[in-house]
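Topology and contacts: notes
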Amino acid sequence: MAFFGLIGNDQKLAQEYSGCESASEKASRKRREGHRRNAAAVDRQGQAWEDAQRARQDRGGWWRTR
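Described below are features of the structure shown in this document. (Residues numbered from 1 in each chain as written. Predicted model: local features only at pLDDT ≥ 70, side-chain atom pairs only at ≥ 80, totals over all residues. Heavy atoms only, no water.)

**Let's talk about the overall build of the protein chain**
Just so we agree on the cut-off: Numbered from the N terminus, helices here are DSSP runs of H or I no shorter than four residues, and strands are runs of E no shorter than two. Each residue's exposure class comes from its accessible area (1.4 Å probe, protein chains only) as a fraction of the maximum for that residue type: buried when under 20%, exposed when over 50%, partly exposed otherwise. Only the protein chains shown count as cover for residues, and the accessible areas themselves come from Shrake-Rupley with a 1.4 Å probe.
Summing up its helical and strand segments, the protein chain has two helices and zero strands in all. Burial status across the protein chain gives 3% buried among its 66 residues. For the protein chain, the accessible area works out to roughly 6400 Å², and carbon and sulfur atoms hold 54% of it.

What follows is the structure, encoded as structure tokens:
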């Protein structure tokens, strides 16, 4: 059976893959990079919303014109 040939090679595999990035580490790094990359766009979007909200408040509604 091929399975029994795998027993005992964990130290060899550990040395072979030591220093390599694991899949979960890679996924978390990609998530962090994505957040940093979109931070400026999110800031601009929030500032645009704030400016539009302030313009709506300054413009007033029909109840303020009477």
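**A look at the pattern of salt bridges**
Put simply, the test is: Counted as salt bridges are all cases of a side-chain nitrogen of Lys or Arg within 4 Å of a carboxyl oxygen of Asp or Glu.
In total, this model carries three salt bridges according to the counting rule given. Of the charged contacts in the structure, one is a salt bridge between R54 and E50, with a shortest N-O distance of 3.3 Å. Residue R54 and its partner E50 are located together in helix α2 (residues 23–59), separated by four residues, close to a single helical turn. We classify E50 as partly exposed; its relative accessible area is 32%. Via salt bridges that share partners, E21, R29 and E33 belong to a single interconnected network.

**Some points on α2**
Short version of the rule: Residue count minus one, scaled by 1.5 Å, sets the expected span of a helix. Bend is the name given here to the angle between axes fitted to two runs of seven residues, the run ending at a residue and the run starting at it.
Its 37 residues place the ends of α2 53 Å apart at the C-alpha level, agreeing with the 54 Å of an ideal helix rising 1.5 Å per residue. For α2, the principal kink sits at A39 and spans about 40°.

**Notes on helix α1 (residues 10–17)**
Residue pairs three or four apart in sequence face the same way in an α-helix, which turns once every 3.6 residues. In terms of burial, α1 is largely open, as just zero of its eight residues are buried. Downstream of α1 by one or two residues, G19 has phi in the positive range, about 90°.

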